[in-house]
Amino acid sequence: MAEKKDPRLSDPRFTTRIEITVPFHDVDSMGVVWHGNYFRYLEIAREALLKQFGYGYREMEASGYVWPIVDTRVKYIGPVTFEQTIIVQAEVQEFENRLRIGYQIFDALTGKRTTRGFTLQVAVSIESKEMCFASPAVLFEKMGVSQ
């Protein structure tokens, strides 16, 4: 049974799409993007997404929290190659107890999905260094959603 999407996440600020043209230094000797470089693409999209609702990394730190990634998963469906233009889509999927961001990568010309994945981040208080078991109120405020 498919999970129901939280209706609070229907706001377009909670999804972003960025375009990247694969540079030569990201590929291996076969001209295919080395698997570890996908995480950089996800990071670029994640940063753009968080900025859309005013809670980028500088704002996180100013609010008294850091949000380390505690889990990540990537499914490589098809290769991405040198000079290929890709669209990296990122969307908030969960936010109440952790921040789960889902990703899809598409070929910009064909629209074919090449990759999918997610990252999980949890709030950690800068002052106490303790992990929060629920997302702090500042995240809800920045997102403009009720707790």
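No experiment lies behind these values; they were computed from the predicted model shown.

> Hey, could you run me through the overall build of the protein in this one?
Helix and strand counts for the protein come out as three helices and seven strands. Helices (α) and strands (β) of the protein occur, in sequence order from the N terminus, as β-α-α-β-β-β-β-β-β-α. The C-alpha atoms of the protein give a radius of gyration of 16 Å, which matches the 15 Å a tight globule of 147 residues would have. For the protein, the spread of C-alpha atoms along the principal axes amounts to about 45 × 35 × 25 Å. Every one of the 147 residues in the protein was classed for burial, and the buried ones make up 41%. Within the protein, contacts between residues separated by at least 24 positions form 65% of all contacts whose residues are at least 6 apart in sequence. A total accessible area of about 8,500 Å² is found for the protein, and carbon and sulfur atoms account for 54% of it. The average position of the 18 basic charges and that of the 19 acidic charges among the side chains of the protein differ by 5 Å.

> I'm lost on the environment of Thr72 in this one. Help?
One can find Thr72 in strand β3 (residues 69–76). Those residues in contact with Thr72 that sit more than four places away from it in its chain are Phe39, Phe118 and Thr119.

> Looking at this model, I keep getting lost on the packing of aromatic side chains. Mind explaining?
When we look at a pair of aromatic rings, we describe it by the centre distance and by the angle of the planes. Summed over the entire model, instances satisfying the criterion amount to six aromatic pairs. Ring centres 5.4 Å apart and planes at 75 degrees place the aromatic pair Phe14 and Phe53 in the edge-to-face group. Of this pair, Phe14 sits in the segment before β1 (15–21) while Phe53 is found in the loop between α1 (38–52) and α2 (57–62), placing the two residues 39 residues apart along the sequence. Phe53 carries the same exposure label as Phe14, and that label is buried. Between the aromatic rings of Tyr38 and Tyr76, the centroid separation amounts to 4.9 Å while the plane-to-plane angle is 70 degrees, which identifies the pairing as edge-to-face. Taken together, the positions of Tyr38 in helix α1 and Tyr76 in strand β3 put the pair 38 residues apart, joining distant regions of the chain. Three or more aromatic residues joined by ring pairs make a cluster, and in this case those are Tyr38, Tyr41 and Tyr76.

What counts, and where the lines are drawn
Residues numbered from 1 in each chain as written. Predicted model: local features only at pLDDT ≥ 70, side-chain atom pairs only at ≥ 80, totals over all residues. Heavy atoms only, no water. Helix = DSSP H or I, 4+ residues; strand = E, 2+ residues; numbered from the N terminus. Rg over C-alpha atoms; globule rule 2.2 N^0.38 Å. Buried < 20%, exposed > 50% of the residue type's maximum accessible area, 1.4 Å probe, protein only. Contact = heavy atoms within 4.5 Å. Areas by Shrake-Rupley, 256 points an atom, 1.4 Å probe, with all protein chains shown as cover. Lys, Arg positive; Asp, Glu negative; His and termini not counted. Charge placed at Lys NZ, Arg CZ, Asp CG, Glu CD. Phe/Tyr/Trp six-rings, centres within 6.5 Å; stacked < 30°, edge-to-face > 60°.

Interpretation note: all reported values are geometric properties and have no functional meaning in isolation.
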